[in-house]
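Spelled out, the chains give:
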Amino acid sequence: MAFDNIKLEKGLYTTGKSFTDALESVDPSENYRGTSLEGLDAYERQLKRFDIKVSGRDSDTISKFFSTTDAAVLFPEYISRAVKTGMDRNDKVEKVIATTTDIDSLDYRSIKFSDSMEFSLLEVEEGGVFEDCQIVLESELTPLKKYGRMLSASYEAIKYQKLDVFSIALKHIGETISNDQFVDALATLGASPDAKTIDIDYNNISYATLVEMWKILSPFNFNTLIASKEIVAKLLLIPEMRDSNAGLDFHGTGKMITPFGAEVLCPNLDGSENLLVGMDKNNAVERVQAGGVITEFDKLIDRQIERAAISTIVGFSPIYGGAVVSSK
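The shown structure was predicted, so the numbers you read here are calculated from the model rather than taken from an experiment. (Residues numbered from 1 in each chain as written. Predicted model: local features only at pLDDT ≥ 70, side-chain atom pairs only at ≥ 80, totals over all residues. Heavy atoms only, no water.)

Caption draft 1: A look at the packing of aromatic side chains. Going through the model one piece at a time under the given rule, you end up with eight aromatic pairs. Ring plane angle 75° and centroid distance 6.2 Å describe the contact between F3 and Y32, whose orientation is recorded as edge-to-face. Residue F3 is found in the segment before α1 (19-26), and its partner Y32 is found in the loop between α1 and α2 (42-49); the two are separated by 29 residues along the sequence. Grouping residues by exposure puts F3 and Y32 together as buried. Taken together, a centroid distance of 6.5 Å and an interplanar angle of 20° make the contact between Y78 and F166 stacked. One end of the pair, Y78, is in helix α4 (residues 75-89); the other, F166, is in helix α6 (residues 163-189), and 88 residues separate them in sequence. Each member of the pair, Y78 as well as F166, carries the same accessibility label: buried. One aromatic cluster is present, built from ring pairs that chain together F65, F66, F75, Y78 and F166. (Phe/Tyr/Trp six-rings, centres within 6.5 Å; stacked < 30°, edge-to-face > 60°. Helix = DSSP H or I, 4+ residues; strand = E, 2+ residues; numbered from the N terminus. Buried < 20%, exposed > 50% of the residue type's maximum accessible area, 1.4 Å probe, protein only.)

Structural data, given as structure tokens:
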């Protein structure tokens, strides 16, 4: 079936797949290899079918989506993609999680590793007994939270506003949701009883402080440093951080050179003036999500976004508590 003859229905949002995946099953991209439509996914081909331009100087108004009943079905996916772009742009949460688990329910138990499953293995003599390394389910469910915003728009905004400008607001919503998730992930870092701690004199942050954090984290790698703006400002004044190469990089890119190659994340959080956390991002936290960005497609299609919720359901669970060190 050609892409311009497909009947678009709201049922494509209720298949258990993403809208694009459901559309791809009806209109596979592999059928367009060697054609002018190669490189477009099934959703993008539908935008081309209805001549809807969602970005650029000549982008259409929102009302273009509602010119036909078929085109209106594409609008929730446009919302989801714009919000997801904003979430990806504010990618701090991506830099503190080791893995993401997708689930299709609201109940999930992560697994727990015994302490002996860190990085040392004992030599086993001939006929000897192997050390037992246990992997068991956590006793409690991973708490999941819904992050989202209510989207409201007037008739005038729908009729006259350009999609390119409207996308800016949607991307900002995505950035805000991502920041909310990062706050929750940050709280999870110190939630494990196995998390390591260090005494820190916040009035006298030194290079030795960072070296001590590196020592405590061993055998895990010190590859991520999370600190408040106040702490980062003090780190920038440490003599070891003020060599010529470090200065050039910071002034040119805004990125600090840190000991051990750790990436610095500086969240904008209230009441976190003394925040300083070191971690191995590859072993510390698991993100659990029930689907991606969710939109109320009925309202978006039938009522032309009079009011509609945009949300995502996500939770975080510690993996190795020892992969995190923070102040006591």
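And the narrative resumes.
Caption draft 2: Structural detail: α2. Taken together, the buried positions of α2 are occupied by A42, Y43, R45, Q46 and L47. The opening residue of α2, the one whose side-chain oxygen lies 3.1 Å from the backbone nitrogen of Y43, is D41. Residue D51 follows α2 closely and has a positive phi angle near 55°. (Polar contact = N/O pair within 3.5 Å; in protein donor to acceptor, adjacent residues only side chain to side chain.)

Caption draft 3: Local environment of the pairing of strand β6 (residues 224-227). Of the two faces of β6, the one lined by T224 and I226 and the one lined by L225 and A227 are each fully buried. Two elements, β6 and strand β7 (residues 263-265), share three bridges in a ladder whose sense is parallel. Note on β7: the bridge partner recorded for T224 is E263. Two strands pair when backbone bridges link them, and β6 and strand β8 (residues 276-279) are joined in this way by four bridges, in the antiparallel orientation. Its bridge partner lying in β8, T224 is registered against M279. (Pairing = 2+ DSSP bridges.)

Caption draft 4: Summary view of the nonpolar core. In terms of nonpolar packing, the biggest core is built from 55 residues, with F65, Y78, I79, L170, L189 and I226 touching the most fellow members. Among the elements of the structure, α1, α2, α3 (69-72), α4, β4 (144-152), α6, β8 and β11 (307-318) are those that each provide at least two residues to this core. What I226 contacts, discounting residues up to four positions off in sequence, is V96, F182, L186, L189, L265, P267, L275, L276, V277 and M279. The next biggest cluster of nonpolar side chains, apart from the first, holds 17 residues, and it includes I198, L225, A262 and L276. (Core = buried A, V, L, I, M, F, W, Y, C linked by side-chain atoms within 4.5 Å. Contact = heavy atoms within 4.5 Å.)

Caption draft 5: Representation of the packing of α4 against α6 in the model. It is at 6 Å that the axes of α4 and α6 come closest, and there the two elements cross at 55°. If you check the angle between α4 and α6, you find them oblique. Seen along the crossing, α4 lies across α6 with a hand that is right-handed. Together, F75, Y78, I79, A82, V83, T85, G86, M87 and R89 of α4 and L163, F166, S167, L170, K171, G174, E175, I177, S178 and Q181 of α6 make up the contact between the two elements. Its residues placed into classes, the contact of α4 with α6 shows 10 nonpolar, six polar and three charged. (Axes fitted to C-alpha atoms, helices over the stretch in contact; angles between N-to-C directions. Parallel < 35°, antiparallel > 145°, perpendicular 65-115°, else oblique. Left-handed = near helix turned anticlockwise from the far one by under 90°. Nonpolar A, V, L, I, M, F, W, Y, C, P; charged D, E, K, R; others polar.)

Caption draft 6: Structural view of the sheet that holds strand β12 (residues 324-327). Taken in spatial order, the five strands of this open sheet run β5-β12-β8-β6-β7, and their pairing is mixed. The sheet is open, and its two edges are formed by β5 (196-198) and β7, each paired on a single side. Direction aside, neighbouring strands of the sheet carry axes that sit 20° apart on average. Against the sheet, α6 touches β6, β7, β8 and β12, its axis set at about 110° to β6. With respect to the sheet, helix α7 (residues 207-217) is in contact with β5, β6, β8 and β12, its orientation differing from that of β5 by roughly 160°.

Caption draft 7: Highlighting the pattern of salt bridges. A complete count under the given rule lists 14 salt bridges for this structure. A salt bridge links K7 to D70; its shortest N-O distance comes to 3.7 Å. Residue K7 is located in the segment before α1, and its partner D70 is located in helix α3; the two are separated by 63 residues in the primary sequence. The class for K7 is exposed, based on a relative accessible area of 53%. The salt bridge partner of R89 is E175, with a shortest N-O separation of 2.7 Å. (Salt bridge = Lys/Arg side-chain N within 4 Å of Asp/Glu carboxyl O.)

Caption draft 8: Inspection of unusual backbone geometry at higher detail. In the segment running from S218 into P219, the intervening peptide bond is cis, with an omega of 15°. Relative to the helices and strands, P219 resides in the loop between α7 and β6. Backbone geometry places D51, a non-glycine residue, at a positive phi of 55°. Mapped onto the fold, D51 is located in the loop between α2 and α3.

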